[in-house]
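# Descriptive structure summary
If you want the building blocks of each chain, they are given just below.
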Amino acid sequence: MKQFIEGSKAVALAVKLARPGVISAYPITPQTHIVEELAQLIADGEMKAEFVNVESEHSAASVVLGSTATGVRSFTATSSQGFLLMIEVLFNIAGMRLPLVMTCANRAISAPLNIWNDQQDSMTARDSGWIQLYAENNQEVVDLHIQAYKIAENKEIMLPVMVCMDGFILTHGAEVVDIPDQTLVDKFLPAFELSDKLDINNPKTLGAFADPDHYTEARYAMQVANDNALKIIPQVADEFKKIFGRVSGGLIEGYRIEDAEQVIVAMGSVVGTIKDVVDELRAEGKKAGVLKIVTYRPFPAEVVYRALKDIPQIAVLEKAVSLGASGPLHIDLKSVLCGREGKISRVSGFVIGLGGRDITKNSIREVFDSLSKEEVSCKFVGLKLG
Amino acid sequence: MAEAFKTLFSPGHTACAGCGQAIAARLVVDTAGANTIIANNTGCLEVFSAKYPETAWGVPWIHSLFENAAAVASGIEAALKYLGLKDKINIIAQAGDGGTADIGLQALSGMWERGHDILYVCYDNEAYMNTGVQRSGLTPFEANTSTSPIGKILATGNLRPKKPMPEIAFAHGIPYVATASVGYPQDIQRKVKKALAIKGPKYIQIHVSCPLGWRHAPNLTLDVSKLAVETGLYPLIEYENGKLTQVRKLTKVKPVEEYLKSQGRFKHILNSPDAIKLIQAIADSNIEKYGLIEKKA
Ligand SMILES: Cc1ncc(C[n+]2csc(CCOP(=O)(O)OP(=O)(O)O)c2C)c(N)n1
Ligand code: SF4
Ligand SMILES: [Mg+2]
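Rules behind the numbers
- Residues numbered from 1 in each chain as written.
- Chains lettered and ligands numbered in written order.
- Predicted model: local features only at pLDDT ≥ 70, side-chain atom pairs only at ≥ 80, totals over all residues.
- Heavy atoms only, no water.
- Helix = DSSP H or I, 4+ residues; strand = E, 2+ residues; numbered from the N terminus.
- Rg over C-alpha atoms; globule rule 2.2 N^0.38 Å.
- Buried < 20%, exposed > 50% of the residue type's maximum accessible area, 1.4 Å probe, protein only.
- Contact = heavy atoms within 4.5 Å.
- Lys, Arg positive; Asp, Glu negative; His and termini not counted.
- Charge placed at Lys NZ, Arg CZ, Asp CG, Glu CD.
- Phe/Tyr/Trp six-rings, centres within 6.5 Å; stacked < 30°, edge-to-face > 60°.
- Lys NZ or Arg CZ within 6 Å of the ring centre and 35° of its normal.
- Near = heavy atom within 4 Å.
- Nonpolar A, V, L, I, M, F, W, Y, C, P; charged D, E, K, R; others polar.
- Pairing = 2+ DSSP bridges.
- Domains from an automatic or database assignment.
- Buried area = accessible area lost by both parts, 1.4 Å probe.
- Salt bridge = Lys/Arg side-chain N within 4 Å of Asp/Glu carboxyl O.
- Polar contact = N/O pair within 3.5 Å; in protein donor to acceptor, adjacent residues only side chain to side chain.
- Donors = N, O, S within 2.8 Å, 3.2 Å for Na, K, Ca; no water.
- Axes fitted to C-alpha atoms, helices over the stretch in contact; angles between N-to-C directions.
- Areas by Shrake-Rupley, 256 points an atom, 1.4 Å probe, with all protein chains shown as cover.

## Focus on the overall build of chain B
- Counting secondary structure elements, chain B contains 11 helices and eight strands.
- Computed over C-alpha atoms, the radius of gyration of chain B comes to 19 Å, within 12% of the 19 Å expected from 2.2 N^0.38 for 297 residues, which places it in the range of a compact globule.
- Per-residue burial for chain B yields a buried fraction of 58% across its 297 residues.
- Restricting the contact set of chain B to residue pairs at least 6 apart, pairs at least 24 apart contribute 70%.
- Of the charged side chains in chain B, 32 are positive and 26 negative, and the gap between their average positions amounts to 2 Å.

## Notes on the packing of aromatic side chains
- Scanning all chains against the criterion turns up 12 aromatic pairs over all chains.
- On the basis of an interplanar angle of 35 degrees and a centroid distance of 4.4 Å, the ring pair of Phe170 of chain B and Tyr239 of chain B is categorised as tilted. In this pair, Phe170 of chain B is assigned in helix α6 (residues 165–171) and Tyr239 of chain B in strand β7 (residues 237–240), connecting sequence segments 69 residues apart.
- Residue classification places Tyr239 of chain B among the buried positions, given a relative accessible area of 9%.
- Each residue in the set Tyr134, Tyr296 and Phe299 of chain A is aromatic and connected to the rest through ring pairs, giving one cluster.
- For the cation-ring pair, Arg340 of chain A lies above Tyr305 of chain A, with the distance from its terminal atom to the ring centre recorded as 3.8 Å.

## Description of the site of ligand 2
All names here are of chain B.
- Around ligand 2, the neighbouring residues are Cys16, Cys19, Gln21, Cys44, Phe48, Asn125, Cys210, Pro211 and Leu212.
- Breaking the shell around ligand 2 down by element, the ones donating at least two residues are α2 (44–49) and α8 (211–215).
- Partitioned by chemical class, the residues of the shell around ligand 2 number seven nonpolar, two polar and no charged.

## With respect to the pairing of strand β7 (residues 161–166) of chain A
Residues and elements named next belong to chain A.
- For β7, the tally of buried residues reaches six of six residues, placing the bulk of the element in the interior.
- Alternating positions in β7 separate into two faces, Val161, Val163 and Met165 on one and Met162, Cys164 and Asp166 on the other, with burial throughout.
- Two strands pair when backbone bridges link them, and strand β5 (residues 101–106) and β7 are joined in this way by six bridges, in the parallel orientation. Within β7, the position partnered with Cys104 by the bridge is Cys164.
- Relative to β7, strand β6 (residues 131–134) runs parallel, the two being bridged by four bridges.

## Regarding the domain arrangement of chain A
All names here are of chain A.
- By the assigned domains, chain A splits into domain 1 (2–244) and domain 2 (252–380).
- Here the C-alpha centre of domain 2 lies 27 Å away from the C-alpha centre of domain 1.
- On the side of domain 2, 26 residues touch domain 1, which itself brings 25 residues to the contact.
- Contact between domain 1 and domain 2 buries roughly 2,000 Å² in total, counting both sides, with carbon and sulfur atoms accounting for 53%.
- When the buried surface of domain 1 facing domain 2 is broken down by residue, Arg126, Tyr134 and Glu136 rank first, second and third, together holding 30% of it.
- Where domain 1 meets domain 2, there are four salt bridges.
- Put simply, Lys292 and Glu140 hold a salt bridge, and the shortest N to O gap is 2.9 Å.
- For the pair domain 1 and domain 2, the interface holds 16 residue pairs in polar contact (both at pLDDT 80 or more).
- At the level of secondary structure, the elements contributing two or more residues to the side of domain 1 that touches domain 2 comprise α5 (120–123), β6, α6 (138–152) and α8 (215–244).

## Quick look at the coordination of the magnesium ion (ligand 3)
Residue and element names in this part refer to chain B.
- Donor atoms from the polypeptide that coordinate the magnesium ion (ligand 3) comprise Asp97 (OD), Asn125 (OD1) and Ala127 (O), at 2.0 to 2.1 Å from the metal.
- If you list the donors of the magnesium ion (ligand 3) from N- to C-terminus, the spacing comes out as D-x27-N-x1-A. Taken together, the positions of Asp97 in helix α4 (residues 97–102) and Asn125 in the loop between β4 (119–124) and α6 put the pair 28 residues apart, joining distant regions of the chain.

## Notes on the sheet that holds strand β2 (residues 22–25) of chain A
Residues and elements named next belong to chain A.
- The seven strands lie next to each other as β3-β2-β4-β5-β7-β6-β13, forming an open sheet whose pairing is mixed. Pairing within the sheet leaves two strands with one partner each, and these edge strands are β3 (50–53) and β13 (295–297). Direction aside, neighbouring strands of the sheet carry axes that sit 20 degrees apart on average.
- Relative to strand β4 (residues 74–78), β2 is paired through two bridges, and the arrangement is parallel. Counted as the bridge partner of Val22 is Ser74 from β4.

## Overview of the site of ligand 1
- For ligand 1, the set of nearby residues contains 18 residues, the closest of which are Cys44, Gly98, Gly99, Ala127 and Met129 of chain B.
- Nearby residues around ligand 1 are contributed by chains A and B.
- Within the side chain of Asn125 of chain B, a nitrogen or oxygen atom sits 3.1 Å from an oxygen atom of ligand 1.
- The protein chains hide 77% of the 580 Å² of surface that ligand 1 would expose on its own.
- Looking at which element gives the most residues to the shell around ligand 1, the answer is α4 of chain B, with three residues.

Structure below.
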């Protein structure tokens, strides 16, 4: 049913449709509305789940680790500092192969303290083994949450999935969103079954200690699961389309890139603004396009290469920076495109929108303009110096 | 082959000979029985009992991190509630003294405050043993550890008394708090049984000697542990529903020196009457505070 609602409420309704039995979270802006909505749904009897109000994000992640290991579908959400406090547990959840789903309401990281949006928080977990999906708008936010459980719980994957949505821009923005029917979601997402779980009828040891003889193989198995995810994520998106009639999710989405000479690669809500600029440039006769990365981890190297190989000028526009190097997505893209056949002449890196700095259409035009000049690797857009 | 006894904690684990924690952990799980799920913090117990691909555990058992067993157990409890299984299954969270009183205290306090139906067991061997005997908040006054060493200038060992964990637990208003000692196995069994019959959060702190860290012969584990109780340095007490309900009375109080000289970690103070006096004062104050001596009418 179509509803005009806030992004956080849309997440709560999508999570409700996935029927989790345990939810645990700790307040932090801009994630808070999501878990407040869920607490209200439970208090109103519209949803049957245990809500555990913990004393920190470290414990929130640990609670849902424990509940997932007991075989109950679970959910948590956080942002920024809360995300960093969780991160020890996040690596652990992935290593224990627990198919949890969480939302990261993307926010900048201290210091300086800043509550506004960028994507530095979730970027810190890119090596954790979590699958990371980035949403462009709130319809995608809803659809990705429902797909996330299906991806995580796939027997060939068994890795946790994080849906990343830009703080405030999406969490606090109201849009018309189609919230799917429960019957369709139940058809798409079967009940959760975990084979290696805490069960008194079949006692197992979870989280064992692995010596040098076994550790590498456990980590290798996670890498294989990530490879499997690259095949399965598009299948899940196809199945989603069959049942819900909507294209959503998958690995990447190209917009007007087929004959493009200049393409910006980006993730999250900024893609919407870039699409508008692309339309304007196209109207002016310029061959511009945008490539949206939906699945950032695992990184869909081959499909990204195929989408970009004939595009001479490429820019990566991102809301995070690996300080001392360049933007993480820029680094990934360079490593994928380097030395491969094609018409690529430059892959420039731009950092934009840190700590909630407004991203204007003009600033995006500037990026397209500067692409015909020399290659840059880490240009901060809109710097106010002096 | 005849089966001597059935245990849920199989021998063949890799604990040091005479490890008090291994003995106590077996008593706890065997008392709790097969319908128990355990969440274990990182530490000696976890490392020596669950090295892949082997395991000592006959019950469902999970280890996640060093400081989060109380929160993981809270999640297990929430899941069992959701499944309608909570009343049929015991949940135990367990850890060493460091994992309990230091790095895990916040998660533990949260678990107590939220009122989860979980028994938390702290195996108190009075230092971070798994990483090589560093001091923790439960290391006793004067103990020589690798981070409270006896140096050429600073020669005092650990400068602080033990953090009062049973009282911290008690202050959370939880229905059952007890201390126990591996020197008294039947007392451990009784307390675990009693705790598991009570709904809500429970805390049992078991004094477990570590021959390696305390520096005594492995065959003296039970004797050394008993001496801590008999001197008044480790009072065995029970708080139920906000009251001190039981203490193990001492018929004959032994001087602390007997306990101190049984272990290498106190060797540096054996010739220092002043230091011994300070430790005797800790024991005397315990005796007074908990009424450890039967007063004749
Ligand atoms: C966050 C974190 N910090 C430090 C460690 C290192 N570490 C592992 S076990 C341990 C000591 C455990 O001490 P205690 O809880 O008293 O248990 P014991 O080994 O003495 O039984 C330490 C410091 C860790 N695993 N995780
Ligand atoms: S170091 Fe101490 S606590 Fe650890 S296994 Fe050995 S005796 Fe037990
Ligand atoms: Mg210890």
